[in-house]
Amino acid sequence: MEKFKTVESRPAPLDSSNVDTDQIIPKQFLKRIERTGFGQFLFFDWRFNDDGTENDKFILNDSRFKNSEILLSQENFGCGSSREHAPWALRDYGFKVIISTSFADILYNNCFKNCILPIIVDEKHLNYLFNSSLNFNDYKVIVNLDEMTLSDNKGFSYKFNIDPYRRKCLLEGLDDISLTLMHEKKITLYENKFSK
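Since we're looking at a predicted model, the values are computed, not measured.

Thresholds applied
- Residues numbered from 1 in each chain as written.
- Predicted model: local features only at pLDDT ≥ 70, side-chain atom pairs only at ≥ 80, totals over all residues.
- Heavy atoms only, no water.
- Helix = DSSP H or I, 4+ residues; strand = E, 2+ residues; numbered from the N terminus.
- Buried < 20%, exposed > 50% of the residue type's maximum accessible area, 1.4 Å probe, protein only.
- Contact = heavy atoms within 4.5 Å.
- Areas by Shrake-Rupley, 256 points an atom, 1.4 Å probe, with all protein chains shown as cover.
- Pairing = 2+ DSSP bridges.
- Axes fitted to C-alpha atoms, helices over the stretch in contact; angles between N-to-C directions.
- Phe/Tyr/Trp six-rings, centres within 6.5 Å; stacked < 30°, edge-to-face > 60°.
- Lys NZ or Arg CZ within 6 Å of the ring centre and 35° of its normal.
- Core = buried A, V, L, I, M, F, W, Y, C linked by side-chain atoms within 4.5 Å.
- Expected span 1.5 Å × (residues − 1).
- Salt bridge = Lys/Arg side-chain N within 4 Å of Asp/Glu carboxyl O.

Caption draft 1: Structural detail: the overall build of the chain. Along the chain, the regular secondary structure elements total eight helices and eight strands. The burial tally for the chain puts 46% of its 196 residues in the buried class. Within the chain, counting contacts between residues at least 6 apart in sequence, those at least 24 apart form 66% of the total. Total accessible area computed for the chain in this model is approximately 10,800 Å², and 48% of it derives from carbon and sulfur atoms.

Here's what the structure looks like:
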């Protein structure tokens, strides 16, 4: 997993609550076994019309937000089934940070395993981010995980909380496999004791 670095981007304001994983990545695209290639199908039923053309009313098809690395969403983001394909699709599309007032537990946990930082803010601050992203053409948000701060180019600053262990894993690019491999010598020694 790559190391999480400071993100500076205009946020994409997805003004929906209870966004479930079947909307994030619809079931017909779950046939792949690798983590890549899912970004093109992110929010497929919302991004595209029935004839395959882009839905120009959907926020990610607005040219202002096409290259956003930060996604804003209303409460209970990532509810529904537990598919890990949802964070795969979000990350493959280009999102590195998701900001909401609340997340479904499984999606929240899976984000950390896929180099996505989920940040919980209160409704007042989320509304500020939504309004600023929609109303200022030059708007940028800076997410600094090292200092655990959200700031913008308008003077806003917010301190968020992240579990220290998860923060360390993101900053150092450690997933479950790399954490296990850190103990490879001890594992090998233990295995060798029983292989004779």
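Caption draft 2: Looking closely at the sheet that holds strand β8 (residues 157-159). Across the sheet, which stays open at both edges, the four strands sit in the order β1-β6-β7-β8 with antiparallel pairing between neighbours. Among the strands making up the open sheet, the edge pair consists of β1 (7-9) and β8. Sheet twist, expressed as the mean angle between neighbouring strand axes with direction ignored, is 15°.

Caption draft 3: Up close: the side chain of Ser73. Summarising the element assignment, Ser73 is placed in strand β3 (residues 70-73). Sequence-distant contacts of Ser73, defined by excluding residues within four places in its chain, comprise Leu14, Ser16, Val19, Ile99, Ser100, Thr101, Leu126 and Phe130.

Caption draft 4: Expanded view of the packing of aromatic side chains. By the definition in use, this model includes 14 aromatic pairs. Chaining the aromatic ring pairs together yields one cluster made of Phe29, Phe41, Phe44 and Phe48. The ring of Phe136 carries the charged tip of Lys154 above its face, separated from the ring centre by 4.7 Å.

Caption draft 5: Molecular detail of the nonpolar core. In this structure, Phe43, Phe77, Leu117 and Leu150 are the most contacted members of the largest nonpolar core, which totals 52 residues. Of all the elements in the fold, those that place two or more residues in this core are β2 (12-14), β3, α3 (85-93), β4 (97-100), α4 (105-112), β5 (117-120), α5 (123-135) and β6 (141-144). Residue contacts for Leu150: discarding those within four places in its chain leaves Ile99, Ile119, Val121, Leu129, Val141, Ile142, Val143, Phe156, Ser157, Tyr158 and Phe160.

Caption draft 6: Spatial organisation of the pairing of β6. Bridge count for β1 against β6 is three bridges, and the pairing is antiparallel. Paired with Glu8 across the two strands is Ile142, which belongs to β6. Of the pairings in the sheet, the one linking β6 to strand β7 (residues 149-152) comprises four bridges and is antiparallel in character. Bridging across to β7, Asn144 finds its partner in Thr149. Between β6 and β7, which follow one another and run antiparallel, lie four residues, and Met148 among them has a positive phi close to 55°.

Caption draft 7: Structural detail: the sheet that holds β2. Spatially, the four strands line up as an open sheet ordered β2-β3-β4-β5, and their pairing is parallel. In this open sheet, the two edge strands, each paired with only one partner strand, are β2 and β5. Taking the axes of each pair of neighbouring strands and ignoring which way they run, one obtains an average angle of 20° across the sheet. By the bridge criterion, three bridges tie β3 to β4 in an arrangement that is parallel. Across the sheet, the residue bridging to Ile70 is Val97, located in β4. Here α4 sits on the sheet and contacts β4 and β5; the angle it forms with β5, its principal contact strand, is near 135°.

Caption draft 8: Fine view of α5. End to end, α5 covers 18 Å across 13 residues, agreeing with the expected 18 Å (1.5 Å per residue, within 8%). If you follow the buried residues of α5, they end up packed against β2, β3, β4, β6, β7 and β8.

Caption draft 9: Representation of the pattern of salt bridges. With the rule as written, the count across this model stands at eight salt bridges. Residues Asp22 and Arg83 are paired through a salt bridge, measuring 3.1 Å at the closest nitrogen-oxygen approach. Note that Asp22 is positioned in helix α1 (residues 21-24) and Arg83 in the loop between β3 and α3, a separation of 61 residues in sequence. With a closest N to O distance of 3.6 Å, Arg167 and Asp146 form a salt bridge. Placement of the pair is Arg167 in helix α6 (residues 164-172) and Asp146 in the loop between β6 and β7, with a sequence separation of 21 residues. Given a relative accessible area of 22%, Arg167 falls into the partly exposed group.

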